[in-house]
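Fold and geometry: a report
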Amino acid sequence: MLPTAALFLRVLDEVNTQRDETQLKQHGVEYLATLAPLVSALAESQSQALQGVSTEPQSLTAAVARVQEADARLGEELDTASRWAGLKEKIGRLPGIAGSAQTIYDAHVEVGELALELYSEVRENSKLNMDQQSDIWFIQETITVDMPEAVTNVSRMSDSANMLAAASNQRQRAALQVQLGVAVEAVEESVEELTDHLQAAAEDTESSTLAGNLVSNLDSFRRGVEAANRGTNYGGDPNVSTLVTAQSTLATALNALTTVTLKELSTLLEERDDDLQIRQIEAWALLGVSIALLVVATFWTRSRAAQVRDSLDSSRDFSVRADSDGPGSSAVSPYDQAPGYGGSATGRERSGALR
């Protein structure tokens, strides 16, 4: 029973470790849910700043507040406090950036890169990138890498196209054409990876809702990207009005896709946590049964040993009494017999003088 109890303790320890890791990943998903609006708000801030709006968009103010609240709760556990503090400081400086459109664009690109690094920080410190379950891994890869990169690259592509349309200097146009080409290629790569990862997650999952929810929202997102590509018209003159419409469509599709993927990831992790909780209860129950059997076996063994000992003592006492000279003994010693002195066979005395 003791080895069995030790085995259950090891199983229980392993289950507890898995539950702790699952809860850490759930906290990572909570943090990621606040980063998605931040990336979208940064894209909006970049576009407005290039149009001459110096004030911070309300969407960015609200997004920063949500991330700040999440970091206050989870930053120590996920080790993101330092990186978020640096990013928040950079965001606060954006309204004060002055100069050419390229200067403003470069400042927003720097902030966008810091936001993508914060995604990576949450992804690694929550151990989402180390998950062994196929559908969870593909979804977290989409949420933490593909989607923020796609949003950032589409924003840069659209803003580069608008800058190119407004540029008059030939040298500046040539540089912007290269910048736009890089952004277009980055958009194609990020959208392709996003599509591949979501399709892989849908094909290798036991969830009954994952595939259906992803397909429709992914199609909407891809249509928004295609519309942005048409507005960019790489190699020709960008269509600003088409780009504005495409960005609005893309933002709506992105919000829907983000909501679906985060919800599916949370559901998968909750199901795992529930399963681990059941295993934890089973391990405790089996450990309790083992201890109870051990206690019963101990008392039964001691009780049985006491019965055997009493039985042996009783047998020994009976043997000693049977061999003794005490009262009740049937053996008669010849030394205890009185002389007959002429008595009869019946042992009666005849001599009155002797009486």
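Residues numbered from 1 in each chain as written. Predicted model: local features only at pLDDT ≥ 70, side-chain atom pairs only at ≥ 80, totals over all residues. Heavy atoms only, no water.

Quick notes on the pattern of salt bridges
Worth spelling out the cut-off: Any carboxyl oxygen of Asp or Glu that lies within 4 Å of a side-chain nitrogen of Lys or Arg is treated as forming a salt bridge with it. Helix and strand assignments come from DSSP, with helices taken as H or I runs of at least 4 residues and strands as E runs of at least 2, each series counted from the N terminus. Only protein chains enter the accessibility calculation, which uses a 1.4 Å probe. A residue is then buried if its area is under 20% of the maximum for its type, exposed if over 50%, and partly exposed in between.
If you walk through the whole model with that rule in mind, you get 11 salt bridges. With a closest N to O distance of 2.7 Å, Asp-131 and Arg-272 form a salt bridge. Of this pair, Asp-131 sits in the loop between α4 (101–125) and α5 (134–166) while Arg-272 sits in helix α8 (residues 240–322), and the two are 141 residues apart along the sequence. Residue classification places Asp-131 among the buried positions, given a relative accessible area of 6%. Sharing partners across several salt bridges, the network here consists of Lys-25, Asp-131 and Arg-272.

Remarks on helix α7 (residues 210–232)
Each α-helix winds once per 3.6 residues, and so residues spaced three or four apart point in a common direction. Test applied: A helix is expected to span 1.5 Å multiplied by its residue count minus one.
Helix length check: α7 (23 residues) gives 33 Å between terminal C-alpha atoms against 33 Å at 1.5 Å per residue, within 8%. Residues Leu-210, Leu-214, Asn-217, Leu-218, Phe-221, Gly-224, Val-225, Ala-227, Ala-228, Gly-231 and Thr-232 constitute the buried set of α7. Asn-233 occupies a position one or two residues after α7 and carries a positive phi of about 50°.

Some thoughts on helix α6 (residues 170–203)
Convention followed: Polar contacts, as counted here, are pairs of nitrogen or oxygen atoms within 3.5 Å of one another; within protein the pair requires one atom able to donate a hydrogen and one able to accept it, and residues that are adjacent in sequence qualify only if both atoms are side-chain atoms.
Relative to the 50 Å expected for 34 residues at 1.5 Å per residue, α6 spans 49 Å between its end C-alpha atoms, a close match to the ideal helical length. In this structure Asn-169 caps α6, since a side-chain oxygen of it lies 2.8 Å from the backbone nitrogen of Arg-171.

Considering the nonpolar core
We count it as follows: We call a set of buried Ala, Val, Leu, Ile, Met, Phe, Trp, Tyr and Cys residues a nonpolar core when their side-chain atoms join them within 4.5 Å. Contact definition: two residues touch when any of their heavy atoms are within 4.5 Å.
If you look at the biggest cluster of nonpolar residues, it comprises 69 residues, and the most contacted ones within it are Tyr-31, Leu-35, Leu-38 and Phe-221. Elements with a minimum of two residues in this core: α1 (2–50), α2 (58–78), α3 (81–93), α4, α5, α6, α7 and α8. If sequence neighbours within four positions are ignored, Phe-221 has contacts with Ala-150, Val-191, Leu-194, Leu-250, Ala-253, Leu-254 and Leu-257.

Things to note about the environment of Leu-210
The topology assignment puts Leu-210 in helix α7. With relative accessibility at 0%, the residue Leu-210 sits in the buried group. In this structure the C-alpha to C-alpha distance between Leu-210 and Val-260, which are 50 residues apart in sequence, comes to 8.4 Å. Beyond its immediate stretch of four places on either side in the chain, Leu-210 contacts Asp-135, Ile-139, Ala-201, Ala-202, Thr-205 and Glu-264.

A few points about a nonpolar patch on the surface
For the record, the criterion: Note on patches: the residues involved have over 30% relative accessible area and no salt bridge, like charges join within 9 Å, and the nonpolar side chains Val, Leu, Ile, Met, Phe, Trp and Tyr join within 5 Å. Accessible surface area values rest on a Shrake-Rupley calculation with a 1.4 Å probe, where residue burial reflects the displayed protein chains alone.
Taken together, the side chains of Ile-291, Val-295 and Phe-299 make up a nonpolar region of the molecular surface, amounting to roughly 290 Å² of accessible area. Positionally, Ile-291 belongs in helix α8. Take Ile-291: its relative accessible area is 44%, and that puts it in the partly exposed class.

Considering the side chain of Arg-19
Tracing the backbone shows Arg-19 in helix α1. For Arg-19, the side chain forms a polar contact with the side chain of Asp-273, separated by 3.2 Å.

Some details on the confidence of the model for the protein
We count it as follows: In predicted models, pLDDT denotes the confidence assigned by the predictor to each residue on a 0 to 100 scale.
When pLDDT is averaged across the protein, the result is 83; 88% of the residues are at 70 or more. Every residue in residues 343–355 is under pLDDT 50, and counting partners more than four places away or in other chains gives six contacts.

Quick look at unusual backbone geometry
Phi is positive for Asp-79, close to 55°, though the residue is something other than glycine. When you line up the elements, Asp-79 lands in the loop between α2 and α3. Note on Asp-79: relative accessible area 53%, which makes it exposed. In this structure, Lys-127 is a non-glycine residue whose phi angle is positive, near 65°. Residue placement: Lys-127 occurs in the loop between α4 and α5. Residue classification places Lys-127 among the partly exposed residues on the basis of a relative accessible area of 32%.

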